[in-house]
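Descriptive analysis of the structure
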Amino acid sequence: MLSTHSSYHDRRPRIVPLIIWLLLTLGWMAFIFAMSNQPYQEQDMKPLLASWIAEPSLAALTPSLEFTYDGYTVSGQQPYDFWEFFIRKGGHVSEFAVLTFLLIRLLSQWMRSTYQPLVWGGIIAYIYACSDEWHQTFITGRTGHFADTLIDAIGIVLVVLIYALIRKRSSQKQGLRFA
């Protein structure tokens, strides 16, 4: 039988994990900010791609697709531009997936609810994505795009859904164990 004191103690955040998750989260947010603070010329991946693979070889691997993304044409006719676009968007997805994971872990130290850290972690990550795009409008050679926040949201939603499925499965297993 648990005493009132014991159950209260179980709900208090443990200070060391709380500090660790807080520092990791703030560090990752600083990393995102630093990356967004760089002019495009410092992040241009096309020269690196060109040093790795010759344009004819890359062109052979590039589909003949063409589409418009937020007013810009992305075309398989320009293979380095095409692949850089997808690498950059993959970076958006992964950056905000990691941020969402860290936020959920941090918030789980405070909230003992099963799903509140997921909801709040997703909301905070998306607000940060919006502020990140706004921040980019002040950087030379960079632009802020609402469409990029939707790309960021893919990473956010994926992490929230994976966490929700894991927590649901875990609670079902615990239910079976104590039934």
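For clarity, every value in this text was computed on a predicted model and none was experimentally measured. (Residues numbered from 1 in each chain as written. Predicted model: local features only at pLDDT ≥ 70, side-chain atom pairs only at ≥ 80, totals over all residues. Heavy atoms only, no water.)

Overview of the layout of surface pockets
- Of the pockets and cavities examined, the largest pocket occupies roughly 770 Å³.
- Lining of the largest pocket is provided by 30 residues; of these, Tyr40, Glu84, Arg88, Lys89 and Asp148 occupy positions nearest its centre.
- Elements with a minimum of two residues in the lining of the largest pocket: α2 (15-36), α3 (40-43), β2 (72-75), α6 (79-110) and α7 (116-136).
- Examining the composition of the lining of the largest pocket, we find that nine residues originate from one element, α6, more than from any other.
- Here the lining of the largest pocket is built from residues that sort into nine nonpolar, 10 polar and 11 charged.
- Taken as a whole, the second largest pocket encloses approximately 180 Å³ of empty space.
- In this structure, the second largest pocket is lined by Ser108, Met111, Arg112, Ser113, Thr114, Pro117, Arg167, Ser170, Ser171 and Gln174.
- Ranked by the residues each element gives to the lining of the second largest pocket, the list is headed by helix α8 (residues 146-178), at four residues. (1 Å grid on protein atoms, 1.4 Å probe; cavity = no way out; pocket = protein on both sides within 12 Å on 5 of 7 lines; lining within 4 Å. Points joined across faces, edges and corners; volume = space filled by probe spheres on them. Helix = DSSP H or I, 4+ residues; strand = E, 2+ residues; numbered from the N terminus. Nonpolar A, V, L, I, M, F, W, Y, C, P; charged D, E, K, R; others polar.)

What to know about the pairing of strand β1 (residues 66-69)
- Note that β1 and β2 share four bridges and pair antiparallel. Among the inter-strand pairings, glutamate 66 is bridged to a residue of β2, identified as serine 75. (Pairing = 2+ DSSP bridges.)

Remarks on the packing of α2 against α6
- Look at α2 against α6: their axes get within 9 Å of each other, and the N-to-C directions meet at 155 degrees. Considered as vectors, α2 and α6 are oriented roughly antiparallel to each other. The handedness of the crossing between α2 and α6 is left-handed. Residues Pro17, Leu18, Trp21, Leu22, Leu24, Thr25, Trp28, Met29, Phe31, Ile32 and Met35 of α2 lie in contact with α6, whose contacting residues are Glu95, Phe96, Val98, Leu99, Phe101, Leu102, Leu103, Arg105, Leu106, Gln109 and Trp110.
- The class makeup of the residues in the contact of α2 with α6 is 18 nonpolar, two polar and two charged. (Axes fitted to C-alpha atoms, helices over the stretch in contact; angles between N-to-C directions. Parallel < 35°, antiparallel > 145°, perpendicular 65-115°, else oblique. Left-handed = near helix turned anticlockwise from the far one by under 90°. Contact = heavy atoms within 4.5 Å.)

Remarks on the pattern of salt bridges
- With the rule as written, the count across this model stands at four salt bridges.
- A salt bridge links lysine 46 to aspartate 44, with the nearest nitrogen and oxygen atoms 3.2 Å apart.
- On the basis of relative accessibility, which here comes to 26%, the residue aspartate 44 falls in the partly exposed class.
- Among the ionic pairs, lysine 89 bridges to aspartate 148, the shortest N-O distance being 2.8 Å. Within this pair, whereas lysine 89 is found in helix α6, its partner aspartate 148 is found in helix α8, the two being separated by 59 residues in sequence. For the pair lysine 89 and aspartate 148, one class covers both residues: buried.
- Here the salt bridges do not stand alone but share partners, grouping Asp44, Lys46, Asp81 and Glu84 into one network. (Salt bridge = Lys/Arg side-chain N within 4 Å of Asp/Glu carboxyl O. Buried < 20%, exposed > 50% of the residue type's maximum accessible area, 1.4 Å probe, protein only.)

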